[in-house]
Amino acid sequence: MTKKKATINSDHIKVIFVEGDADEIIIDKLISYYRSNGFKKQIKIINTHGFPDEKKMRQGLTKIIMCSKNPVEFEAVVCEYDTDIFAKGIQQEPNWKKVEKNLKQNNNVTRFCRIQAKTSIEDWMLDDLEGLLKALDLPLNTKPKGQYGQDKVKALFRRKNIMYDRHKGREKIKQYLDKLDIAKIREARKKELKEFEGVLGISIN
Amino acid sequence: MNALNKITIKGFRNIDVFSIDLTNITSLLAPNNYGKSNAMAAIKFGFEFIKNQSKTRLRMMGDQSCISINKGIAGKPFVFEEEGSIDNNTDYIYGYSFDWKRNRKGDKEEESEGQIVTEYLKVRNKNSEKPKYTTLINRTAGNKVKYIPSPTGRCDKDLPIESDELALNKLSNFDDLFYHDYVETIKSVRVRGIDTLSDPEDLFAPRLMVKNGKQSLMLGADLAPYLFELKQKDRNVFELLVSAITNLIPAIETIDPVVINKLNLKIDEDAPFELPDQYDIIVKERYNNQQTRFQYLSTGSMKLLNLLTKVVKAQKDGVQLLLVEELENSIHPRLLQSLLSIIDDFLGDTKLLFTSHSPNLAKYLSAPQLYIGLPSEKGYVDFRTLKATKVSRVLKIAAAGEMSLGEYLFDLMLDLECERDLISEFFTKN
């Protein structure tokens, strides 16, 4: 009996870059929801603590390669971000085609896609306003004050004397955001998640 | 609350012209020795001059630490102008100028007393169809001041005044003046600094203070008694403040300002003062088996508590403008985005102007929030912001270098010495 020749196994990795703690919590919940619906693949979430531009994504991918014992192939790289950053005039929207091309050419990325939270991940949270109000133990007829989703969520947390910190508030806000109905949010954001779910091969009716 | 929207200052130290439009949070970004501190000092000086008594004003007009010795500025008057809104309907422009005192020995021609030269107050109804400023006070030649005495009058009534007096202060005694409220509002504009540069031990060191005739020995300096009072009087804001601090420093579980007055010494009725109350700030950290004093925590923790407490206090006190030097001092770059966002939340109607050396702060700011220190061949303070028409182009250039606008401007600032043609191309004129 001849022995099979040993082959070098590559790690096939899927990565989602998110821009802050709140985004990380919601995307993590979303992945758990997919798992409860039969999705089995591993996905790594990397919080870039700020807009995940090409530079930050490259750095994140390089760290994974450096830490891995096997050669790495990035089966899918996903960039999640709030679209409001471009309206504020702090950062220009990258040329995404160029970003995709660069990542595929230089970083061994097979597929690239984006999740655009319009205008911010807090607008997604408000898709389950009832759940958020219940989590915060606020009356269900409470109308969130503010112009944008972020203002509204901040105002709701403020009513419970909690400083809502989307960038670095993981420990404080997780217990509340964990109570949101992610199926409801996913249903409301189907359009924004279509490409992402396609890349992951997720199909839920 | 009335709001401060713009400040212009001339003739102070190495400031020829310094003009700044204030957004909720505005920054002065520059390398060392570009005049950030001078700009902050000039703003404080300008507002203190309005508030002070004549005697102090006279002293201020001769303050050698403020008089310019720059070859191009020396001899020029101090000029101050503020623009703001008194309420939702009324905008104002108030300004004054004075000649600095000169006392060069052996040259009598050079000797002169400091004296106020010009002063004006203009207001407009911003909701009218054609908002146009009306001059209510006008001082054009030292002691000659004209003002409007009645709504139907013209700005032609004389107001006798001394050369160290401001008409604004004098008119505040005219209770029946139809714009008395405006005068009082402008007089009471509050500008306050937060010290982020001192050794944080000093922020918590015991200090003897007198309040309402009572002496208090304060542990935690003024922080502990203020937090104690805040907890008693506005628990919601206190809890929000604690929530903000514990977001930034997750190891902290609780923060308790306490009064510790256990001496219980007996004193005679004719004793000159009561026994001091002593305050402290007690903190519980997750991994410790007991509470401890806040001042035993890290430098950064102490500075964060000081900064955020003072921001809260400023907002509650109705301060219009907060001045902070080197906001990022002792604070980890990863916390700066959260810190800016938290400060913004606490500020309310109060505005913040801060200086910085940090690209890690600059990267979170938009064009109107960024005033960049530019190199000057004459040694002048020169802070300018991007031309509105150039913002999208600079954003594009920044994106090509994988930078935010603030990061790019910070980088550019360090190269402008060699690329001076970019100054006139990208930046506003002073």
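Keep in mind that this is a model prediction, so the values were computed, not measured.

(A) Fine view of the overall build of chain B. Scanning chain B from terminus to terminus reveals 13 helices and 19 strands. For chain B, the C-alpha radius of gyration of 24 Å lies close to 22 Å, the compact-globule estimate for 430 residues. Judged by the C-alpha coordinates and their principal axes, chain B covers about 70 × 70 × 60 Å. Buried positions account for 50% of the 430 residues belonging to chain B. Residue pairs at least 24 apart in sequence account for 65% of intrachain contacts in chain B once pairs closer than 6 positions are excluded. Carbon and sulfur atoms provide 46% of the accessible area of chain B, an area that totals close to 20500 Å². One way to put it: in chain B the 56 positive side-chain charges average out to a point 3 Å from where the 60 negative ones average out.

(B) Fine view of the pattern of salt bridges. The full count for this structure, using the stated rule, is 34 salt bridges over all chains. The partner of A:Arg166 in a salt bridge is A:Glu122, and the shortest N-O contact between them spans 2.8 Å. Pair noted here: A:Arg166 is in the loop between helix H7 (149-158) and helix H8 (170-177) and A:Glu122 is in helix H5 (residues 121-125), with a separation of 44 residues, a long-range link. Taken as a pair, A:Arg166 and A:Glu122 share a single burial class, namely buried. Its salt-bridge partner being B:Lys170, residue B:Glu165 comes within 3.8 Å of it at the nearest N-O pair. Residue B:Glu165 is classed as partly exposed on the basis of its relative accessible area of 22%. Take B:Lys170: its relative accessible area is 25%, and that puts it in the partly exposed class. If you follow the salt bridges from partner to partner, you end up with A:Glu54, A:Arg58 and B:Glu402 in one network.

(C) Local environment of the domain arrangement of chain A. All names here are of chain A. According to the domain assignment, chain A contains domain 1 (11-121 + 185-200) and domain 2 (122-177). Averaged C-alpha coordinates put domain 1 and domain 2 at centres separated by 24 Å. Across the contact, 25 residues belong to domain 1 and 16 residues belong to domain 2. Here domain 1 meets domain 2 over a buried area of about 1700 Å², counting both sides, of which 54% is carbon and sulfur. Of all the secondary structure elements, the ones that give two or more residues to the side of domain 1 that touches domain 2 are helix H1 (21-36), strand E4 (109-117), helix H9 (182-188) and helix H10 (190-200). No other element matches H1, which puts seven residues into the side of domain 1 that touches domain 2. Considering only residue class, the side of domain 1 that touches domain 2 consists of nine nonpolar, five polar and 11 charged.

(D) Examining H1(A) more closely. Residue and element names in this part refer to chain A. Compared with the 22 Å implied by 1.5 Å per residue over 16 residues, the 23 Å span of H1 between its first and last C-alpha is a close match. Within H1, 12 of the 16 residues are buried, which leaves the element mostly enclosed by the surrounding structure. In the segment just after H1, Gly38 is the residue with positive phi, at about 100°.

(E) Seen up close, the domain arrangement of chain B. In terms of domain boundaries, chain B breaks down into domain 1 (3-190 + 359-415) and domain 2 (199-310). Relative placement of domain 1 of chain B and domain 2 of chain B: their C-alpha centres are 36 Å apart.

(F) Up close: the packing of aromatic side chains. Residues and elements named next belong to chain B. Considering all chains together, one arrives at 31 aromatic pairs over all chains under this definition. Between Phe45 and Phe78, the aromatic rings sit 5.1 Å apart at their centres with planes inclined by 70°, giving edge-to-face as the arrangement. Here Phe45, found in helix H1 (residues 36-51), pairs with Phe78, found in strand E4 (residues 78-85); they are 33 residues apart in sequence, far enough to count as distant. Their ring planes at 50° and their centres at 6.3 Å tell us that Tyr94 and Tyr96 sit as a pair that is tilted. Tyr96 matches Tyr94 in its accessibility class, with the two residues each being buried. Chaining the aromatic ring pairs together yields one cluster made of Phe12, Phe45, Phe47, Phe49, Phe78, Phe80, Tyr94, Tyr96, Phe98 and Trp100.

(G) Focus on the packing of helix H7 (residues 235-248) of chain B against helix H8 (residues 299-316) of chain B. All names here are of chain B. Close contact between H7 and H8 brings their axes to 10 Å; oriented N to C, the two are set at 150°. When the axis of H7 is compared with that of H8, the two are roughly antiparallel. Remark: the crossing between H7 and H8 carries right-handed chirality. For the pair H7 and H8, contact is made by Val237, Leu241, Ala244, Ile245 and Leu248 and by Leu304, Leu305, Leu308, Thr309, Val312 and Lys316, respectively. When its residues are assigned to classes, the contact of H7 with H8 shows nine nonpolar, one polar and one charged.

(H) Broad picture of the side chain of A:Asp128. Its place among the elements puts A:Asp128 in the loop between H5 and helix H6 (129-135). What makes A:Asp128 buried here is its relative accessible area of 4%.

(I) Inspection of the nonpolar core at higher detail. Residue and element names in this part refer to chain B. If you look at the biggest cluster of nonpolar residues, it comprises 75 residues, and the most contacted ones within it are Phe294, Ile343 and Leu409. Lining this core are residues from two domains, each supplying at least three of them: domain 1 (3-190 + 359-415) and domain 2 (199-310). Aside from chain neighbours lying at most four places away, what touches Ile343 is Ile25, Leu307, Leu308, Val311, Leu327 and Leu352. Residues Ile50, Ile148, Val189 and Phe383 belong to the second largest nonpolar core, which totals 56 residues.

(J) Seen up close, unusual backbone geometry. In this structure, A:Thr119 follows A:Lys118 across a cis peptide bond, with omega equal to -15°. Position of A:Thr119 relative to the elements: it lies in the loop between E4 and H5. Even without glycine at this site, B:Asn33 takes up a positive phi of about 65°. Within the fold, B:Asn33 resides in the loop between strand E3 (25-29) and H1. Residue B:Asn33 is classed as exposed on the basis of its relative accessible area of 79%.

Definitions and limits used
Residues numbered from 1 in each chain as written. Chains lettered and ligands numbered in written order. Predicted model: local features only at pLDDT ≥ 70, side-chain atom pairs only at ≥ 80, totals over all residues. Heavy atoms only, no water. Helix = DSSP H or I, 4+ residues; strand = E, 2+ residues; numbered from the N terminus. Rg over C-alpha atoms; globule rule 2.2 N^0.38 Å. Buried < 20%, exposed > 50% of the residue type's maximum accessible area, 1.4 Å probe, protein only. Contact = heavy atoms within 4.5 Å. Areas by Shrake-Rupley, 256 points an atom, 1.4 Å probe, with all protein chains shown as cover. Lys, Arg positive; Asp, Glu negative; His and termini not counted. Charge placed at Lys NZ, Arg CZ, Asp CG, Glu CD. Salt bridge = Lys/Arg side-chain N within 4 Å of Asp/Glu carboxyl O. Domains from an automatic or database assignment. Buried area = accessible area lost by both parts, 1.4 Å probe. Nonpolar A, V, L, I, M, F, W, Y, C, P; charged D, E, K, R; others polar. Expected span 1.5 Å × (residues − 1). Phe/Tyr/Trp six-rings, centres within 6.5 Å; stacked < 30°, edge-to-face > 60°. Axes fitted to C-alpha atoms, helices over the stretch in contact; angles between N-to-C directions. Parallel < 35°, antiparallel > 145°, perpendicular 65-115°, else oblique. Left-handed = near helix turned anticlockwise from the far one by under 90°. Core = buried A, V, L, I, M, F, W, Y, C linked by side-chain atoms within 4.5 Å.

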